[in-house]
Amino acid sequence: MTSGEQAGTAPQPPIQWGRDVLVVLGAVLPRPWLWGTALAALVRLARRGWWRRPPFLPLPGNDYWHFRLVTVFGGTGTEEQLTTKNVVDYLEWCRRSRPSRG
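Residues numbered from 1 in each chain as written. Predicted model: local features only at pLDDT ≥ 70, side-chain atom pairs only at ≥ 80, totals over all residues. Heavy atoms only, no water.

Asker: Give me the lowdown on a nonpolar patch on the surface, citing residues and values where you can.
Answerer: On the surface, V21, L22, L25, L29 and W35 cluster together into a nonpolar patch covering about 500 Å² of accessible area. The element best represented in the nonpolar patch is helix α1 (residues 17-28), accounting for three residues. Tracing the backbone through its elements, the reader meets L29 in the loop between α1 and α2 (35-45). Relative accessible area serves as the criterion here: at 53%, L29 is assigned to the exposed category. (Patch = residues over 30% accessible without salt bridge, like charges linked within 9 Å, V, L, I, M, F, W, Y side chains within 5 Å. Areas by Shrake-Rupley, 256 points an atom, 1.4 Å probe, with all protein chains shown as cover. Salt bridge = Lys/Arg side-chain N within 4 Å of Asp/Glu carboxyl O. Helix = DSSP H or I, 4+ residues; strand = E, 2+ residues; numbered from the N terminus. Buried < 20%, exposed > 50% of the residue type's maximum accessible area, 1.4 Å probe, protein only.)

Asker: Describe the nonpolar core, naming the residues involved and giving the relevant values.
Answerer: One finds V23, A27, V28, L34, A38, A41, W65, L69, L82, V87, V88 and L91 forming the largest nonpolar core, which totals 12 residues. Looking at this core, the elements that each hand over two or more residues are α1, α2, α3 (62-73) and α4 (84-97). Among all residues touching L82, those that are not within four sequence positions of it are R19, D20, V23, V24, W65, F73 and V87. (Core = buried A, V, L, I, M, F, W, Y, C linked by side-chain atoms within 4.5 Å. Contact = heavy atoms within 4.5 Å.)

If you want it as structure tokens, here you go:
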């Protein structure tokens, strides 16, 4: 059994970081009003100690990312693909639900 697998669970499909990163960048870059929200979300989602392990990027851990995809899309988390609309909707929700500072 590899790390991250539990007895009695199906193995998780590989994470498509390259594709997902491109989708997120494509959603965020043309929307400057979401840059701060996206940065805050990135900090919240990044695995601990990301700077010590390749690919040295603040990405969520594979297990957590898979869990998030399952909770968003259901099933195994692979039937649906992350889309620009998904990312923008999530970031707008984060922005609206953040307590106002004023």
